[in-house]
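Residue strings, one per chain:
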Amino acid sequence: MANFFSKLLNNIFSSSEVADDSFYEELEDAMIMSDVGADAALRIIDAVRREAKRKGCNLTKDVRKILKDYLYELMRTDESYYEFERQKSIISVIGVNGVGKTTSIGKLAEHFKSMGKKVILAAADTFRAGAIEQLVEWGKRVGVDVIRQREGSDPAAVVFDALQSFKAKNADILIIDTAGRLHNKKNLMQELGKINRIIDREFSEGFRETLVVLDATTGQNALSQARVFQETSQVTGIILTKMDGSARGGVALSVQSELGIPVKYIGSGERAKDLHRFDAGSYVDSIFEKQ
Amino acid sequence: MAFENLTDRLSNIFSGLSGKGRLTEDDVNAALREIRMALLEADVNFKLVKDFTAKVKEKAVGEDVMHSLTPAQMVVKIVNEELTEMMGSETTEIRLRPQSEISVIMMVGLQGAGKTTSAAKLAGKFKKQHRKPLLVACDVYRPAAIDQLRVNAEKQEVPFFSLGDKLSPVEIARRSLEYAKEQGQNLVIIDTAGRLQIDERLMKELQDIKKAVRVDWSILTVDAMTGQEAVNVAESFSEKVGIDGVILTKCDGDTRGGAALSIRAMCGKPILYLGMGEKLSDLEQFYPDRMAGRILGMGDVLSLIERAQGEMDEKKARESVRKMSKGQFNYDDFMDQMNQLKKLGGLGGILKLLPGMNKAMQGLDLEESEKQMGRVKSIIQSMTLKERANPKLMNPSRKKRIAKGAGVDISEVNRLVKQFEQMQKMMKQLGGNMRGGRGGFPGMGALGGMRGGGKFPF
């Protein structure tokens, strides 16, 4: 997102000195082109406009500062968002098909392992062909245990097994890989509910974290995805994947602005180390970076 | 985000204007704002939206509002025509070489777009057409990608070719052709690794495969949920590798699929098929006009009508319409209607296709309704033939017997009888309209109530 968006933004900010209607319109266009979505773009620009008016500034360089501050405030995460990293935690990773759930879990495992945590993975995607093997392969790469059953077995049973093993081995973090599901498929969403109930019953004292994986190339449907997942599970954060492409990932702004779900991790690339905590500061900076 | 029917939205704008005979520039501008939002919400490319709205404006200003249409419908009509034109009006099929030669299809796309699944679906499709497909695993990067293809090949009962993940994809592709020749397979489908269009090394690998083997169809799979990036992806793949067509995957979600329009209009590449689900048979033909409706959030009335025409027993339907309009509708007819509904894919299947219903459905417990329908059936089946043909016979002792026979509480029988009587009344009223011959499709009279609520846009 950064490259493209920043180029656009810098063009807009350098093409005029005074922030007039056409300037704001261009700003809105730039955001829409980055998948921020028309609704969220309008809302953000309205807020920035109001603030600019209140402060009595109409120069683009001042508006730039206001927009930057606004986006930073919007996307900011603080240390408390990552409390689960220090606790005994069960992390469920959910999302639609093909967004990169399994890969992200491999990377998360590496992330926690490098913090010195004892990590266990649960292969609860028993549906997609090759999903279990993919997770087992990641387990080998990173060096963590993977709890698995046969393809086609009950995902809730895998989770149950994993929880027993988690307790017996006194591990720190359990990450559950779930099957990709389109959020409008009711049965699959119910299956998610079942998994959640098992965790509540078997390990109610544990910290729960539910991360929705969103593909940065996804457009406005990401909102619908996040919203429906939020209804079945207590979604606590987002992993934004495939940020190494030229995709804008601007939809993260609208998910945050409409639903208030924070982006917690950013994934890019194929290597185990290619996952980082989301950093609003450098994210916003990168948007405004001079090319 | 609102998933409102564009027609409804435009109706709101135009509500103060009804009776006007001509569209003024102000009317059109107001409408265009809504159209712009609708298209952007559907992820249609931003530049395309700009061009498109300009074009619609040119056409719409000063246009006479046709007699039978409201101004809102008039604008939607123009929009729909323009959209359909942009999509191209004809469907495109993959043309293969004659059976005596080996045809080669190569699947390309970003990570997670659905290449492997689509490859297997294609294999199944062509197998049905008596081709002999061979699925070739050239994704040597993603862990377990080869397993995924192998399992899918087994499910489709199609032969599978892999040389593990140590050889180069170019080498695997080359050898797969030799293998196909030996084995007498005449359609090689190469599954490649997902890659970013900006990854020069991996893009070159695709070029190399194309140099090493004679690829007839390079097919780009694109996730229907892709946002503004869709055009960049399609353009890069098209420039660097050359693509012949596109499969749009994950269309069974609630995405509006604006990517289809962007790719078709801006890159000129035909959309071949829509991937509709996890089952390996779920590959649908792409119909440009229907996609236009979906992008505008107008539902897919055409598909519904077509399905209805395919499944409906027309004679029966006419008969029941005749009965309905005379108020002679009985339990047998009711049963027929329910069976017809089931054939059409159940309540859920129908509602999904109706404009504006997608949103309305979110609050509906469809499974519960379908279960309810099963119970209603069992009640009717517990009636005697006479009772079914002549609903007036119903009395308390009969109801008691029916409840016992159906294994339900008598209150449920009472409820059904009441509902049935109401329905009869309603149909009698509607009857006049129906005889007026609005055309439409026969037999859907049972959905009369629905029709009143979610009226068709055209």
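Residues numbered from 1 in each chain as written. Chains lettered and ligands numbered in written order. Predicted model: local features only at pLDDT ≥ 70, side-chain atom pairs only at ≥ 80, totals over all residues.

Colleague: Quick one: what's the story with the confidence of the model for chain A, residue by residue and with numbers?
Modeller: Averaged over all residues, the pLDDT of chain A is 89; the fraction at 70 or higher stands at 95%. Looking at the elements of chain A, mean pLDDT is at its lowest for helix α1 (residues 2-15) of chain A, recorded as 64, and at its highest for strand β3 (residues 145-147) of chain A, recorded as 97. (pLDDT = per-residue confidence, 0-100. Helix = DSSP H or I, 4+ residues; strand = E, 2+ residues; numbered from the N terminus.)

Colleague: Describe the domain arrangement of chain B, with residues and values.
Modeller: Residue and element names in this part refer to chain B. Split into domains, chain B comes out as domain 1 (6-87), domain 2 (103-297) and domain 3 (303-453). Using only C-alpha atoms to locate each centre, domain 1 and domain 2 end up separated by 36 Å. Within the residue set of the side of domain 1 that touches domain 2, elements represented by two or more residues are α2 (25-41), α3 (46-60) and α4 (71-87). A per-element tally of the side of domain 1 that touches domain 2 places α4 first, with six residues. (Domains from an automatic or database assignment.)

Colleague: Outline the sheet that holds strand β7 (residues 263-267) of chain A, supporting the account with residue identities and numerical values.
Modeller: The strands making up a sheet associate through hydrogen bonds between their backbones, and the pairing can be parallel or antiparallel. All names here are of chain A. Taken together, the eight strands give an open sheet; going across it, the order is β3-β2-β4-β1-β5-β6-β7-β8, and neighbouring strands pair in mixed fashion. Lying at the two open borders of the sheet, with one neighbouring strand each, are β3 and β8 (275-277). On average, each strand axis in the sheet is tilted by 25° relative to the strand beside it, whichever way the strands run. Looking at chain direction, strand β2 (residues 119-124) and strand β4 (residues 173-178) are connected through six bridges and run parallel. Looking across to β4, one finds that Val119 is bridged to Ile173. (Pairing = 2+ DSSP bridges. Axes fitted to C-alpha atoms, helices over the stretch in contact; angles between N-to-C directions.)

Colleague: Which residues make up the confidence of the model for chain B, and what are the values?
Modeller: Residues and elements named next belong to chain B. The predicted model of chain B averages 80 in pLDDT, with 76% of residues at 70 or higher. Confidence drops under a pLDDT of 50 for residues 434-458, and excluding neighbours within four residues, the segment shows 38 contacts in the predicted structure. The complex prediction reports pTM at 0.76, with the ipTM value standing at 0.84. (Contact = placed C-beta atoms within 7 Å.)

Colleague: Tell me about the interface of chain A and chain B, and name the residues and values.
Modeller: Counting residues at the interface gives 36 residues for chain A, matched by 33 residues for chain B. Looking at the side of chain A that touches chain B, the elements with two or more residues in it are α2 (21-33), α3 (38-55), α6 (131-142) and α9 (221-232) of chain A. For the side of chain A that touches chain B, the residue count by class is eleven nonpolar, 15 polar and ten charged. (Nonpolar A, V, L, I, M, F, W, Y, C, P; charged D, E, K, R; others polar.)

Colleague: Account for the pairing of strand β4 (residues 187-192) of chain B, naming residues and giving values.
Modeller: Residue and element names in this part refer to chain B. The buried fraction of β4 is high, at six of six residues. What you see with β4 is no split at all: Leu187, Ile189 and Asp191 on one side and Val188, Ile190 and Thr192 on the other are buried throughout. Sheet topology note: the strand β2 (residues 133-138)/β4 ladder contains six bridges and is parallel. Bridge assignment links Pro133 to a residue of β4, and that residue is Leu187. (Buried ≥ 20, exposed ≤ 12 C-beta atoms within 10 Å, placed from the backbone.)

Colleague: I'd like to hear about the nonpolar core, residue by residue, with values.
Modeller: Counting residues in each nonpolar core, the largest one holds 177 residues, and the members touching the most others are Leu121, Ala122 and Ile175 of chain A together with Leu135, Val136, Ile189 and Ile190 of chain B. Among all residues touching Ile190 of chain B, those that are not within four sequence positions of it are Val104, Ile105, Met106, Met107, Val136, Cys138, Ala173 and Ile209 of chain B. Residues Phe334, Val376, Ile380 and Leu416 of chain B belong to the second largest nonpolar core, which totals twelve residues. (Core = buried A, V, L, I, M, F, W, Y, C linked by C-beta atoms within 7 Å.)

Colleague: Describe in detail the domain arrangement of chain A, supporting the description with residues and values.
Modeller: Taken domain by domain, chain A consists of domain 1 (2-75) and domain 2 (79-288). Computed over C-alpha atoms, the centres of domain 1 of chain A and domain 2 of chain A are 32 Å apart.

Colleague: Let's hear about the sheet that holds strand β6 (residues 245-249) of chain B: which residues, and what values?
Modeller: Residues and elements named next belong to chain B. Taken in spatial order, the eight strands make up an open sheet running β3-β2-β4-β1-β5-β6-β7-β8, and their pairing is mixed. The sheet is open, and its two borders are formed by β3 (160-161) and β8 (283-285), each paired with just one other strand. Contacts from helix α5 (residues 115-128) reach β1 (103-108), β2, β4, β5 (217-223), β6, β7 (271-275) and β8, with the element oriented near 170° to β4.

Colleague: Could you give an account of unusual backbone geometry, naming the residues involved and the relevant values?
Modeller: Despite not being glycine, Asn170 of chain A has its phi angle at roughly 50°, a positive value. If you check the backbone angles, Ala144 of chain B has positive phi at about 70° while not being a glycine. For Ala144 of chain B, the position within the fold is in the loop between β2 and α6 (145-156).

Colleague: Requested: an account of the pairing of β6 of chain B, with residues and values cited.
Modeller: Residue and element names in this part refer to chain B. Judged by how many residues are buried, β6 sits mostly within the fold: four of five residues are covered. As defined by bridge partners, β5 adjoins β6 across five bridges and the pair is classed as parallel. Counted as the bridge partner of Leu220 is Val246 from β6. Tracing the backbone out of β5, into helix α9 (residues 230-240) and back to the parallel element β6 gives a crossover that is right-handed. As judged from the three bridges shared by β6 and β7, these two strands associate in the parallel manner. In the strand pairing of β7, Val246 is matched with Ile271. For the handedness criterion, the β-α-β arrangement of β6, helix α10 (residues 258-267) and β7 is classed as right-handed. (Right-handed = clockwise from strand over helix to strand, strands pointing away.)

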